[in-house]
Amino acid sequence: MYRICGKKRLSGSIRVQGSKNAALPMLAASLLCKGCVVLHNCPKILDVYAMLSILKHLGCYVKWEDNTVVICTDGLFSCKVPKKYAGAMRSSVMLLGPLLGRVGCADLAWPGGCMIGARPVDIHQMALKQMGVRFESSKNCIFAACRGLYGAVVRLPFPSVGATENVIMAAVLAEGTTVLKNAAREPEIITLCKFLRAMGARISGEGTETIYIEGVKSLKEAEYAIPSDRIVMGTYLMAVLGTGGEVFLEGDCAGCLAAPLLLARKTGARIQERKQGLKVFMEEPSHVPIQAVTAPYPGFPTDLQSPLLALMAVSGHICTIKETIFESRFATAGELKKMGADIRIEGQKACVYGKQTLEGADVSASDLRGGAALILAGLFAEGVTTVHNASHIRRGYEHIETDLRMLGADIDAVGSH
Ligand code: UD1
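Quick caveat: nothing in here was measured; it's all calculated off a predicted structure.

A. Structural detail: the site of the ligand. Near the ligand, the surroundings consist of 18 residues, among which Asp-122, Ile-123, Ser-160, Asp-303 and Ile-325 are the closest. A distance of 2.8 Å separates an oxygen atom of the ligand from a polar backbone atom of Val-161. One of the backbone N or O atoms of Gly-162 is found 2.8 Å from an oxygen atom in the ligand. Contact with the protein chains hides 87% of the accessible area of the ligand, taken as 740 Å² for the molecule alone. For the shell around the ligand, the elements supplying multiple residues, two or more each, are α5 (122-129) and α6 (161-171). Among the elements that line the shell around the ligand, the one with the most residues is α5, at three residues. Domain assignment of the residues forming the shell around the ligand places at least three in each of domain 1 (2-16 + 228-413) and domain 2 (20-225).

Put into structure tokens, the structure is as follows:
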């Protein structure tokens, strides 16, 4: 668990970790190359460990050196991911495309991950079926097989990040060209495409609604540096807005935070976007009304909705946030209420009657970003806050307590989480 003593102004400089949502599909994509890939700046987080356990279970060799991970896939002998591994993480579904491309089958126990909505995989299945994949899914597993993958014109009914990544990874070794329409435009998709191109894939259009993938016979070994995590940078940005202070967040992802930065400026923050990172100056803790709507990139990221909810809780004004991506992502509101927050949920909308401050309390994380939001609430609150179920937070934050302590926060990780 984490123990936080609130009301400290943040100041100083920290380096933002590598991106979880870029690392996970890249680790899965390593299966597409018969040989070794080297990924630098890989975050040491539970989701990455879970993905690496799966790769090892399938026969891959994995080696860490600091934050560099080497994955050699010559020994791949299975396409079956049992519950023990898949249940730990939603992103196991990310293995569908690479396994189909490499060995023509994937047998995945139903994926786990954050309880933030139903999270079906119908869009992944619909898209891959058009490329020659047959599915036999049951209550417990998704089984997919193909006698070869074929390029197709695929239009997604919604720009799902995971489905976009799966189609791209399946298409790179398919016969012919795939045209993916209504694709997600998240920066992590651009990173995945750059990495696949470094392996010899032929892809263009990433970052737009239409992506073209021309299948090649095989991919070659590659080395790539994972960019900084825009959601972690955004979490720390929200922290400074609520505590006041002056911080430098070092990382190459500031350019991917346009919507959160626009919001931050409206709260009174002075921000300089630099090539090496983000300089944030917030004279006093934010006390303005805030309105936000989550949306696919470049909209306000759903992954920052919970941290924003914590900020709204101490805004001193009526704020609203509409969640349009995940249907059950307001679970954190219940825990924030234990700290004195006044939040009323109506369907997909949260109305927050912001207080001047919160009171420290015993609260419990039930998902990754919600857990981070509770830590922020602890920073904004009077007295001591204890955040239980910290393993949810460790799924995505490499060393949140060290980072925040370096910025002057009074926070400790206590016990075995
Ligand atoms: C990814 C991110 C996650 C982020 C999310 C939205 C990773 C590892 N995770 O998750 O942090 O919050 O994008 O930006 O990159 N959906 C369906 N059917 C499908 C697929 C998705 O209905 O087959 C729905 C989901 O239930 C959800 C919405 O579409 O309501 C968005 O999901 P998607 O974009 O696929 O998110 P993920 O890839 O799971």
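B. Here's a closer look at the domain arrangement of the protein. Splitting the protein by domain gives domain 1 (2-16 + 228-413) and domain 2 (20-225). Each of domain 1 and domain 2 has a C-alpha centre, and these two points are 30 Å apart. Each partner contributes to the interface: domain 1 provides 23 residues, whereas domain 2 provides 23 residues. Together, Tyr-297, Arg-395 and Glu-398 form the three largest contributors to the area buried by domain 1 at its contact with domain 2, with a combined 34%. Our count for the contact surface shared by domain 1 and domain 2 stands at two salt bridges. Ionic pairing is found between Arg-230 and Glu-188, a salt bridge with its closest N-O pair at 2.8 Å. Remark: the boundary between domain 1 and domain 2 carries eight residue pairs in polar contact (both at pLDDT 80 or more). Put simply, the parts of the chain that give the side of domain 1 that touches domain 2 at least two residues each are α12 (368-380) and α13 (391-394). Looking at the side of domain 1 that touches domain 2 residue by residue, the class counts come to eight nonpolar, four polar and 11 charged.

Parameters at a glance
- Residues numbered from 1 in each chain as written.
- Predicted model: local features only at pLDDT ≥ 70, side-chain atom pairs only at ≥ 80, totals over all residues.
- Heavy atoms only, no water.
- Near = heavy atom within 4 Å.
- Polar contact = N/O pair within 3.5 Å; in protein donor to acceptor, adjacent residues only side chain to side chain.
- Areas by Shrake-Rupley, 256 points an atom, 1.4 Å probe, with all protein chains shown as cover.
- Helix = DSSP H or I, 4+ residues; strand = E, 2+ residues; numbered from the N terminus.
- Domains from an automatic or database assignment.
- Contact = heavy atoms within 4.5 Å.
- Buried area = accessible area lost by both parts, 1.4 Å probe.
- Salt bridge = Lys/Arg side-chain N within 4 Å of Asp/Glu carboxyl O.
- Nonpolar A, V, L, I, M, F, W, Y, C, P; charged D, E, K, R; others polar.

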